[in-house]
Amino acid sequence: MPLTASVIDDLKKVAGRDNVITAPNDLRIFERDGSIEGAVPDAIALPSNTEQVAAVIKIAARHNIPIVPRGAGTGLSGGAVTIRGGIALQMTRMRRILEIDPVGQTALVEPGVVNQELSLAAAPHHLFYAPDPSSQKACTIGGNAAENSGGPHCLYYGVTTNHVLGMEVVLADGSVHWVSGDAADRIGLDLCGVLVGSEGTLCAITKIKVRLLRIPPSIATLLAAFPSIDTASQAVSAVIGRGIVPAALEMMDKVTVGAVEAHYHAGYPTDAGAVLLVEVDGVADSTRELMAAIRDVLSENQGYAMREAQTPAERDLLWAGRKGAIGALGRIKPNYYLHDGVVPRSKLPQVLSAVGEIGVHYKLPVANVFHAGDGNLHPNILFDLRDREVLQQVEEAGEEMLHAVVELGGALSGEHGIGLEKSAYMPWIFSPDDLEVMSRVKSALDPTGLLNPGKIFPDPERKKLPLAGRTGFAVEAKWW
Amino acid sequence: MKPFERLSDDDLATCVHCGLCLDACPTFRVTGLETESPRGRIYLMTQWKREQLPFNEEQVKHIDLCLGCRTCEAVCPSGVPYGRIIEAGRAEVERLRRPNAKRRIAKAALRQLVARPRRLRAFGAVTRVAQATRATSAMRSGRQLPPLHAPFEVPAGRLAPAIGPRKHRVAFLVGCVMPILYPQSHYAAVKLLQLASCDVWFPEGERCCGALHAHNGDLDEAERLRDENMRMYASGEFDALVVDSAGCGSHLKDFYPGLQGRVKDLSEWLAEVGLPEPKREVKMRVTYQDACHLAHAQRIKKQPRDLIRAVPGVELVEMRHPDICCGAAGLYSTLEPQMSARILAEKLDDLAATRAEMVVTANPGCQMQLASGLRQRGSHIAVEHISELLVRAFL
Ligand SMILES: Cc1cc2nc3c(=O)[nH]c(=O)nc-3n(C[C@H](O)[C@H](O)[C@H](O)COP(=O)(O)OP(=O)(O)OC[C@H]3O[C@@H](n4cnc5c(N)ncnc54)[C@H](O)[C@@H]3O)c2cc1C
Ligand code: SF4
Ligand code: SF4
């Protein structure tokens, strides 16, 4: 529903004339995030500080207009998509690093700070911010906190919530609060723990205090080829089975390696059935020892063509390939649909062969690239949105893959959140009672359901809509 | 012709909407807006092309605000050919939009002035007089110009012979604005080529390469200039056409299939053929600004840095974001002065933080933009073309 002129006026008074967008054609450009869901917002507001965020939320509350916080829009579950319309609260203007404390090893940042910028700014103090989603070049710390994002190095370092010390948040009534504080040990009810990962449904995050870590003195990165996904998965289990926890342990299948190699020329073996990227860090002696042990385990499990990065530049290139992998899939088909289910590590071989079979059954190409050490899958179903016939199969195949995950004792999402895409599947793993507890927390903090409505909680209406009807304006072409 | 006919739907469809390019885009970094991002621009052009959004004058500003720096293209893992997309998109936009005085003047200036060397030289001469009498400081674009010296002179016989043994014969692109704005960069570049055992040939009748025209949506003129130039290049023999202006080099590589593989940026070529041992130390703290059309369009980042590091005495310190555009982007700083100034301000902060005495780059537009920004801040950081820094080690 378009906003009334007086609401728009109020928003402009708060955020500034140029920081409110209502031109309908422009709004269409904001309809999607990194997933394939889409819906056009009624307005974009670009606040510059906490006061403006609070004031915008108050206006929305007064008129009962949905508010959807939006970071860089790299989310992969439709979290930032304004499915009920309303105001997209674009946090990207708030991108100042307010403080880096090299002694206390913390940083205080605004939510729009891009993940990688924080590590770049901390580097002169020999510090870095550990959670490193593959989208770290673009995604925001606010978005990371809202999704409780992970990344390759979270195997060893832990996900976002392990690194957030406290947050300033604005609740649905426009009130501003600090949750938790400076200490790693959160005292009292752990509200910060509740709000990290709340996907914009409980609060807008306006400041984040995070822990920084010392850059390890020595890092070793190894690339290993395997004849098949199966053997690579076994190698992963074997490494962890030996009690070794590498800093990162990532897998890519043949399809992915081909796409990645085309852009990055990182020297990935394109003939391998799968590759593993393994990293260990620490002091030089221990990384050398660990890497030697890992090499042994990998070769016992049919690993070959092992190559260790010799220079930081080589290491960066190997990682660039891994981190750009999902984007690189565009070289095969223009769209991807992915679920990021997690399974117990020992179930990796089983779940991956199930995924492969589903792909074959639906005749859809599937590319696997994922955090193997965590058992966190990312099967990407590749297709072309312009081919609308295929959409139904894409969705069914995705659903079956997720089902396979759950059947093997896994969970719906490792790191991308539930958002829109997975909300319908929540009842697969949560009982009605579980969901009821969650919705009580939601209504305690946001009684009128103002913040990011239609997310996380299953919406029976929406489920009836086929994927083709949900991807927004982009595919509603007349001539398809 | 149907609207947006020149845009390829397949090119557009390579964008998977992942957003990895967003923060690499200078205009997104300062505005935080999807509409001012590569992904947003591609989405907009896609909707136009597919007739899902009507062409609309208001939205043209998102296309106008694109610097054409192609940083997005360099970081895009999906291989979106953004340079090709925006060039075609611009050409279509220029065809469809209402006539606009500022852009019409720009187009006329490009056709009438830049594409005609004699007129451009005359313009340079007038400007030199105006600068001497301080008349130029009244105009914004005038203030941006560097102090002009006598323009670059092609050596007698249109050949600068190799110093020492002759191993290669190269053609040198004199170009349109470089010889007038930065003759000293050209002199240094030619000297380096001679030192690197190259005979340097200056083909007669060379015209502007057409880069500025193509980037500003005048593909017809760009094609005309290409055809004329190709006739000239066909008349001589050379191992490489060496270009010391990144914008021209990238255009020649993309737009002149007839020169396939023979166009080389100065640093690319020097790294390939090698320079002799340097003669002296150059004690200086230097930072390097990647010219967009070198780093992103031609993917050349390593060679210039290697060459700089090889100069004894030089300490190369990197900016946090050496490969983000300075906001010059051809005519952009004149056509979109506000956005250009915002982007430049970020760049100058980054520059200042390095505490370098000199910033080196590889394109006249960047030199001009950085120098004018630094001048306005009262900074003493010097700006030089990479050729000028390198040649100091041999003087
Ligand atoms: C190529 C690619 C690779 C990826 N790799 C990973 C990976 O390795 N690990 C991983 O975990 N994720 C990954 N992602 C997913 C995504 O990047 C993360 O979820 C990221 O944290 C989203 O950040 P964003 O700034 O883009 O947020 P958006 O997509 O804009 O928003 C995400 C959610 O956060 C909410 N939100 C955003 N900002 C705020 C705020 N200030 N206050 C409250 N709520 C807010 C939004 O409402 C939305 O629900 C990847 C995505 C892509 C495209
Ligand atoms: S241009 Fe490339 S990096 Fe940017 S959104 Fe599209 S596919 Fe991703
Ligand atoms: S060319 Fe430069 S300004 Fe234009 S969209 Fe790409 S990164 Fe942004």
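Please read these numbers as outputs of a predicted model, since none were measured by experiment.

Draft legend 1. Quick look at the overall build of chain A. Secondary structure assignment for chain A yields 17 helices and 18 strands. Taken over the C-alpha trace, chain A has a radius of gyration of 22 Å; the compact-globule value for 480 residues is 23 Å, and the two agree within 12%. Dimensions of chain A along its principal axes, counting C-alpha atoms only, are 70 × 60 × 45 Å. In chain A, buried positions account for 60% of the 480 residues. When the accessible area of chain A is evaluated, it comes to approximately 17,700 Å², of which 55% is carbon and sulfur surface. Seen as two clouds, the 42 positive and the 55 negative side-chain charges of chain A have centres 5 Å apart.

Draft legend 2. Representation of the pairing of strand β18 (residues 379-383) of chain A. Residues and elements named next belong to chain A. The buried fraction of β18 is high, at five of five residues. Covered by surrounding structure in β18 are Pro379, Ile381 and Phe383 together with Asn380 and Leu382, the residues of both alternating faces. Where strand β16 (residues 335-338) meets β18, four bridges bridge the pair, whose relative direction is antiparallel. Bridging across to β18, Asn335 finds its partner in Phe383.

Draft legend 3. Expanded view of the side chain of Thr231 of chain A. For Thr231 of chain A, the position within the fold is in helix α8 (residues 229-241). If near-sequence neighbours (up to four positions away) are discounted, Thr231 of chain A is found in contact with Phe226, Asn301 and Gln302 of chain A.

Draft legend 4. Geometry of the domain arrangement of chain B. Residues and elements named next belong to chain B. Here the domain parsing of chain B yields domain 1 (9-96) and domain 2 (284-391). Its C-alpha centre places domain 1 at a distance of 25 Å from the equivalent point of domain 2. Taken residue by residue, the interface counts 17 residues in domain 1 and 17 residues in domain 2. Here domain 1 packs against domain 2, burying approximately 1,500 Å² in sum over the two surfaces, 64% of which is carbon and sulfur. Taken as a group, Arg29, Val30 and Leu67 account for 38% of the area that domain 1 buries against domain 2, more than any other trio of residues on that side. Summed over the shared surface of domain 1 and domain 2, the result is one salt bridge. Measuring nitrogen to oxygen at the nearest pair gives 3.9 Å for the salt bridge that ties Glu346 to Arg29. Going through the elements one at a time, α2 (26-31) and α5 (71-75) are the ones with two or more residues in the side of domain 1 that touches domain 2. Here the side of domain 1 that touches domain 2 gets five residues from one element, more than from any other, and that element is α2. Grouping the amino acids of the side of domain 1 that touches domain 2 by side-chain chemistry returns eight nonpolar, four polar and five charged.

Draft legend 5. Summary view of the domain arrangement of chain A. Residues and elements named next belong to chain A. Segmentation of chain A into domains returns domain 1 (5-90), domain 2 (97-214), domain 3 (218-329) and domain 4 (333-472). Taken together, the contacts link eight residues of domain 2 with 12 residues of domain 3. Summed over both partners, the interface of domain 2 with domain 3 buries about 880 Å², with 54% contributed by carbon and sulfur atoms. Joining domain 2 to domain 3, the criterion identifies one salt bridge. Lys323 is paired through a salt bridge with Asp132; the nearest N and O atoms lie 3.1 Å apart. Linking domain 2 with domain 3 are four residue pairs in polar contact (both at pLDDT 80 or more), by the criterion used here. In terms of residue class, the side of domain 2 that touches domain 3 is made up of four nonpolar, three polar and one charged.

Draft legend 6. Examining the interface of chain B and chain A more closely. Taken together, the contacts link 43 residues of chain B with 48 residues of chain A. Here chain B and chain A share five salt bridges between them. Of the charged contacts, one joins Arg70 of chain A and Glu34 of chain B as a salt bridge, the two residues approaching to 3.1 Å between their closest N and O atoms. For the pair chain B and chain A, the number of links is 17 residue pairs in polar contact (both at pLDDT 80 or more). Among the secondary structure elements, those contributing two or more residues to the side of chain B that touches chain A are α1 (9-13), α2, α3 (38-49), α4 (60-64) and α5 of chain B. For the side of chain B that touches chain A, the leading source of residues is α3 of chain B, giving five residues.

Draft legend 7. Just the packing of aromatic side chains, in detail. Residues and elements named next belong to chain B. Here the structure, examined in full by the defined rule, presents 11 aromatic pairs over all chains. With a centroid separation of 4.7 Å and an interplanar angle of 45 degrees, the aromatic rings of Phe152 and Tyr187 are classed as tilted. Pair noted here: Phe152 is in the loop between α9 (140-144) and β1 (159-160) and Tyr187 is in helix α11 (residues 183-195), with a separation of 35 residues, a long-range link. Classification of Tyr187 by relative accessible area gives partly exposed; the value is 39%. Aromatic rings pair up to connect Phe152, Phe172, Tyr187 and Phe202 into one cluster.

The rules behind each value
Residues numbered from 1 in each chain as written. Chains lettered and ligands numbered in written order. Predicted model: local features only at pLDDT ≥ 70, side-chain atom pairs only at ≥ 80, totals over all residues. Heavy atoms only, no water. Helix = DSSP H or I, 4+ residues; strand = E, 2+ residues; numbered from the N terminus. Rg over C-alpha atoms; globule rule 2.2 N^0.38 Å. Buried < 20%, exposed > 50% of the residue type's maximum accessible area, 1.4 Å probe, protein only. Areas by Shrake-Rupley, 256 points an atom, 1.4 Å probe, with all protein chains shown as cover. Lys, Arg positive; Asp, Glu negative; His and termini not counted. Charge placed at Lys NZ, Arg CZ, Asp CG, Glu CD. Pairing = 2+ DSSP bridges. Contact = heavy atoms within 4.5 Å. Domains from an automatic or database assignment. Buried area = accessible area lost by both parts, 1.4 Å probe. Salt bridge = Lys/Arg side-chain N within 4 Å of Asp/Glu carboxyl O. Nonpolar A, V, L, I, M, F, W, Y, C, P; charged D, E, K, R; others polar. Polar contact = N/O pair within 3.5 Å; in protein donor to acceptor, adjacent residues only side chain to side chain. Phe/Tyr/Trp six-rings, centres within 6.5 Å; stacked < 30°, edge-to-face > 60°.

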